[in-house]
Each structure stands twice: as C-alpha cells, then as structure tokens.
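Given next are the chains, with one letter for each unit.
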Amino acid sequence: MSATAQTRATHVTPEAILQLGLAFWGSKTLLSAVELGVFSELSGGPLAQDELAVRLGLHPRSSRDFLDALVALGMLEREDGRYANTAATELFLDRAKPSYLGGLLEMANARLYPFWGRLTEALRTGEPQNESRTGDDFFGALYADPERLRQFLRAMTGLSTGAAMGIAATFPFDRYETVLDLGCAEGGLLVQLAQRHTHLSGTGFDLPAVKEPFEEYVRTMGLDDRLQFVAGDFFDDPLPSADVVTLGHILHDWGREEKLALLRRAYDAVPDGGAVIVFEAIIDDDRRANAFGLLMSLNMLIETPGGSDYTAADCQGWMREVGFSETYAEHLVGPDSMVVGIK
Ligand SMILES: C[S@@+](CC[C@H](N)C(=O)[O-])C[C@H]1O[C@@H](n2cnc3c(N)ncnc32)[C@H](O)[C@@H]1O
C-alpha cells in the first residue's frame, strides 16, 4: 500500500456502513411503537415505565430497553423516570388527533416491512412482491373497508401537506381560476390551495369510494362551497376541464405508457396557457442525491407491475412529448419537487 493510501485508510471507518446496514433496527422499533400505540397512550401525559409497560402489554424484559431506545432515537422524552411524547410524536402519532400520520406507518409495518424482505427477489425478477404475489388484493380490501380507507387517505394528506403548502406558496395561482386534482385522495392539496388563494375553486377527481371521505374533509375545513368531487377512473372517464391540473404521487405508480396517457389527458383538460403540475419525490437529474426518491422507486418495484420514480428531466421530456410548450422544475420541501408544464 502506498503511503497516501495508508494515510487515507487510517481515516476510513466502517461507521456509516454499519449504521446504514442496521438502520432497520431503529425503523422497526418506531413501527412497533406505533403498532403498540405508545404515542397514543402517552397523549394523556407522562407515565412511569411500569405503568406504561402494563398498558402496552410489554414483557418486563423488553420494556426498559424499548422505551429508552425510543428516547435515544428522538421519539420520546424521559424526565425523572417518566416517559413523554416529543412535540412531533404528540402531534403526528396520537391516533386520536386529526393530524395522525401513523396510518402510513401502520401500513409500512404491516405490509412494506415484510415485502421489503423480498427486495432481492424483486431486483432479480422485476416482479412486485406485495399481495399480488399471493393473489390477494390490498387496494380492493382497502377500498371495501371505509375505516381503513379513511385512514389511508388521511395518511396521504399528511404525506403531501408540506409539498402542497410549497405549491400553494410558489405557483402563480393569481393567473388562474380553477384547479383539477387527479387522484385527489381526501383533498389535502386542494384544501391548501383554496385556503391560500381565496379566488380559486377546485375539483377533486378520484375513484367513487373516495367521494365521502373527500366531502367530509372538505366540509370540516369549511371549503365545500369552492371544492367539489367528481368520481371516475382517470384513464377511461371524461375529465372535467380546469385551468390547472395537478398530479401528486400518481405518475410513479405507472409505467411509461400510462404516465404518457395521464399527461396527455391532463394536457387535454387545460386550455392554452393552462398548466399541469406533477409533484412527488422527483429524483435529481444526476440520480445520486435524492436517496428517498430512489428508494421510493424501489418501493414502486415492490408494489406495482410497472411503476417507477423519475427525474425532472424525464418528466419534462414526457411533457414536451405530449405537447407542452414550456416546462420547468422547482424544489418544494424535503425530497419533493414539482414539474410544471405550460400548454
Ligand atoms: C398515492 S395516492 C395520492 C394521493 C394524493 N394525490 C397525494 O399526493 O397525496 C393515489 C390516489 O390515486 C387514486 N387512484 C388510483 N387509481 C385511480 C384511477 N384509476 N382513477 C382515479 N383515481 C385513482 C387513489 O384512489 C389515490 O387516492
């Protein structure tokens, strides 16, 4: 080994490799805490270890390490031997609060965690590794159970709120009157847009089972006079026209042909000068920085027959292909960006 290589080697440590390789320890600890209802149990105030262990049904051997690991991971606080939620876990992980984000983590725990155990098989075969492997239908079951559907849609709102606020703040909505959100879930984006831009009216378009949760959420937010729901299949049914069409976390579910079909349909729904906004964890053009976007794409490998995430350059290319005359990309928040096409 040369002297330079030797000097470099003495500064090289395995820490990052080990931390990443065992990162699932921390992740699964949080997912189990959500499953057990740790944060909901603590929403009434701090509890001592014994009391909390009894309420959660924890074995005496596990409780101290489990709860202290959550403290070390920044998910709980501990003072004078009593455990309490942090500000974030109190707001987002108490099941009784409308801001509860745990639906997403419950799904990650029950479904994605075991499915990701078959990542190597997905990498080798290119085949999804979720319920479709055994002929079960997760979305069919989800859409047949109103309570689970509501929780899933609420989790979508939580996931998209930061990006929705970013879009509301940065896109020039003062030039437009109407918005159509394709695959709107319970209407999280439209609510953010309507709250910030009081001249806007919007339509949420999604599968029929989503109508009731959408209308209830929008009514709760006091926006039912400006936001309405249209039920349908965004591949086959006629789409309402609007000045701006939005697609949030939609394109990555599908392969190239379906992505193009959806962009073409969105293009047809807006007038000349109208805009289409695509947003999700868009991968950086160099495909090396947005790890979350790249891992999301592997998640699509596990979850869908042909879906994948993509870069802003990819999306702008598809937009040009379907006819948009101008396109641009803008970072929103965290891993999320938007790509805009102007007709
Ligand atoms: C991943 S969620 C995204 C929700 C929301 N746009 C967001 O960004 O938070 C996908 C949405 O697309 C809807 N969807 C899936 N297939 C659809 C179809 N064929 N027609 C209309 N909506 C569909 C689902 O019901 C769901 O609400």
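All chains use their own residue numbering, which begins from 1 and follows the written sequence. At least 70 in pLDDT is required for a residue's local features to be given in this predicted model, at least 80 for side-chain atom pairs to be given and counted, and no such filter applies to totals for whole chains, interfaces and linings, which use all residues. Only hydrogens and water are removed before side-chain values are computed, so all heavy atoms of the structure are retained for them.

Novice: Looking at this model, I keep getting lost on the layout of surface pockets. Mind explaining?
Specialist: Only protein atoms enter the calculation, which uses a 1 Å grid: trapped sets of points that fit a 1.4 Å probe without letting it out are cavities, open sets showing protein on both sides within 12 Å along at least five of seven lines are pockets, and any residue with an atom within 4 Å of a point is a lining residue. Grid points are joined across faces, edges and corners, and a volume is the space filled by probe spheres set on the points. A volume near 400 Å³ is recorded for the second largest pocket. Helix numbers and strand numbers start at the N terminus; a helix is a DSSP run of H or I with at least 4 residues, a strand a run of E with at least 2. Listed by contribution, the elements that provide at least two residues to the lining of the second largest pocket are helix H11 (146-170), helix H12 (188-196) and helix H13 (211-220). Sort the elements by how many residues they give to the lining of the second largest pocket and H11 lands first, with five residues.

Novice: How should the sheet that holds strand E3 (residues 82-85) be read in this particular structure?
Specialist: Paired through backbone hydrogen bonds, the strands of a sheet run either parallel or antiparallel to each other. For two strands to be treated as a pair, DSSP must find at least two bridges joining them. Reading across the sheet, the three strands line up as E1-E3-E2 and stay open at both edges, with antiparallel pairing between neighbours. Every other strand in the sheet has two partners, leaving strand E1 (47-48) and strand E2 (76-79) as the edge strands with one partner each. As paired elements, E1 and E3 share two bridges and run antiparallel to each other. Residue pairing for E3: Leu47 is matched across the bridge by Tyr83. Here helix H6 (residues 60-72) sits on the sheet in contact with E2 and E3, set at roughly 110° to E2. Residues count as neighbours in contact if any of their non-hydrogen atoms are within 4.5 Å of one another. Here an axis means a line fitted to C-alpha atoms, over the contact stretch when the element is a helix, while the angle between two N-to-C directions is reported on a 0 to 180 degree scale.

Novice: Sorry if this is basic, but what is going on with the sheet that holds strand E10 (residues 336-342) here?
Specialist: Pairing within the open sheet is mixed, and its seven strands lie in the order E6-E5-E4-E7-E8-E10-E9. The outermost strands of the open sheet, each flanked by one partner alone, are strand E6 (227-231) and strand E9 (326-333). Taking each pair of neighbouring strands and ignoring which way they run, the sheet shows an average axis angle of 20°. Strand direction decides the pairing type here: strand E8 (residues 275-280) and E10, joined by six bridges, are antiparallel. Bridge pairing in E10 links Ala275 to Ile342. Each of E8, E9 and E10 touches H11; the most contacted strand, E9, lies at about 130° to it. Taken strand by strand, H13 contacts strand E5 (201-206) and E6, and its axis lies near 180° from that of E6.

Novice: Even after reading the chapter, I still don't get the site of the ligand, so can you show me in this structure?
Specialist: Contacts to the ligand come from 13 residues, most closely from Tyr143, Ser160, Gly183, Asp206 and His249. Counted as a polar contact is a pair of N or O atoms within 3.5 Å, where, for protein atoms, one must be capable of donating a hydrogen and the other of accepting one, and residues adjacent in sequence contribute only when both atoms are in side chains. Between the ligand and Met156 there is a distance of 3.5 Å, counted from an oxygen atom to a backbone nitrogen or oxygen. Taking Asp233, its side chain carries an N or O atom lying 3.1 Å from a nitrogen atom of the ligand. Residue-level accessible areas treat just the shown protein chains as cover; the underlying method is Shrake-Rupley with a 1.4 Å probe. Taking 600 Å² as the accessible area of the ligand by itself, protein coverage stands at 88%. The residue classification treats Ala, Val, Leu, Ile, Met, Phe, Trp, Tyr, Cys and Pro as nonpolar and Asp, Glu, Lys and Arg as charged. All others, Gly included, are polar. Its residues assigned to classes, the shell around the ligand shows six nonpolar, five polar and two charged. The nearness test applies per residue and asks whether one of its heavy atoms lies within 4 Å of the molecule or strand.

Novice: What am I meant to see in the side chain of Lys343 here?
Specialist: Counting through the fold element by element, Lys343 comes out in the segment after E10. Note on classification: 1.4 Å probe, protein chains only; a residue is buried when its accessible area is under 20% of the maximum for its type, exposed when over 50%, partly exposed between these limits. In this tally, Lys and Arg are treated as positive and Asp and Glu as negative; His is ignored, and so are the chain termini. Counted as salt bridges are all cases of a side-chain nitrogen of Lys or Arg within 4 Å of a carboxyl oxygen of Asp or Glu. Despite its burial, Lys343 remains without a salt bridge, the nearest opposite charge being carried by Asp272 at 4.6 Å. Polar side-chain contacts of Lys343 include one of 3.0 Å to the backbone oxygen of Tyr267. In this structure the side chain of Lys343 is engaged in a polar contact, spanning 2.8 Å, whose partner is the backbone oxygen of Val270. Once you skip the residues sitting within four places of it in the chain, Lys343 turns out to touch Tyr267, Asp268, Val270, Pro271, Asp272, Gly273, Gly274, Phe324 and Ser325.

Novice: Is there a simple way to think about the environment of Phe229 in this case?
Specialist: Note that Phe229 resides in strand E6. Placed 26 residues apart in sequence, Phe229 and Thr203 show a C-alpha to C-alpha distance of 5.5 Å. Not counting the four nearest positions on each side in its chain, Phe229 is found in contact with Cys184, Gly204, Asp206, Leu207, Val210, Lys211, Phe214 and Glu215.

Novice: Could you clarify how one ought to interpret unusual backbone geometry in this entry?
Specialist: Leaving glycine aside, a negative phi is the common case for residues, and trans is the common case for peptide bonds. Of note, the phi angle at Ala185 is positive, near 50°, even though the residue is not glycine. Along the polypeptide, Ala185 turns up in the loop between strand E4 (178-182) and H12. Overall, Ala185 belongs to the buried group, its relative accessible area being 12%. Despite not being glycine, His249 shows a phi value in the positive range, around 55°. One can find His249 in the loop between strand E7 (244-248) and helix H14 (256-269).

Novice: Can you walk me through the nonpolar core in this structure?
Specialist: General note: in soluble globular proteins, nonpolar side chains tend to be found buried as a group. What we call a nonpolar core is a set of buried Ala, Val, Leu, Ile, Met, Phe, Trp, Tyr and Cys residues that are connected through their side-chain atoms within 4.5 Å. Ile167, Phe171, Phe173, Leu193, Val244, Ile277 and Met338 are the most contacted members of the largest nonpolar core, which totals 37 residues. Breaking this core down by element, the ones donating at least two residues are helix H10 (138-144), H11, H12, H13, E6, E8 and E10. The greatest single-element share of this core, amounting to seven residues, is contributed by H11. For Val244, the residues in contact, after removing those within four places along its chain, are Phe171, Phe173, Tyr176, Thr178, Val179, Leu180, Val270, Ala275 and Ile277. Membership of the second largest hydrophobic core comes to 28 residues, among which are Leu247, Ile250, Leu263 and Val270.

Novice: Just to check I follow, could you spell out the packing of aromatic side chains for this structure?
Specialist: Within a pair of aromatic rings, the relevant descriptors are the distance that separates the centres and the angle that separates the planes. Aromatic contacts are taken between Phe, Tyr and Trp rings whose centres are within 6.5 Å, Trp giving its six-membered ring; a plane angle under 30 degrees counts as stacked, one over 60 as edge-to-face, and the others as tilted. Throughout the structure, instances matching the rule amount to seven aromatic pairs. Seen from their ring centres, Phe214 and Phe229 are 5.2 Å apart, and the 50° between their planes marks the pair as tilted. Of the two residues, Phe214 is situated in helix H13 and Phe229 in strand E6; the sequence distance between them amounts to 15 residues. Connected via pairs of aromatic rings, a cluster forms that spans Phe171, Phe173 and Tyr176. Only when the NZ atom of a Lys or the CZ atom of an Arg is both within 6 Å of the ring centre and within 35 degrees of the ring normal do we say a charge sits over the ring. Positioned above the aromatic ring of Tyr113 is the side chain of Lys28, whose terminal nitrogen or guanidinium carbon lies 5.4 Å from the ring centre. Stacked on the ring of Tyr267, the Lys or Arg Lys343 has its end atom at 4.4 Å from the ring centre.

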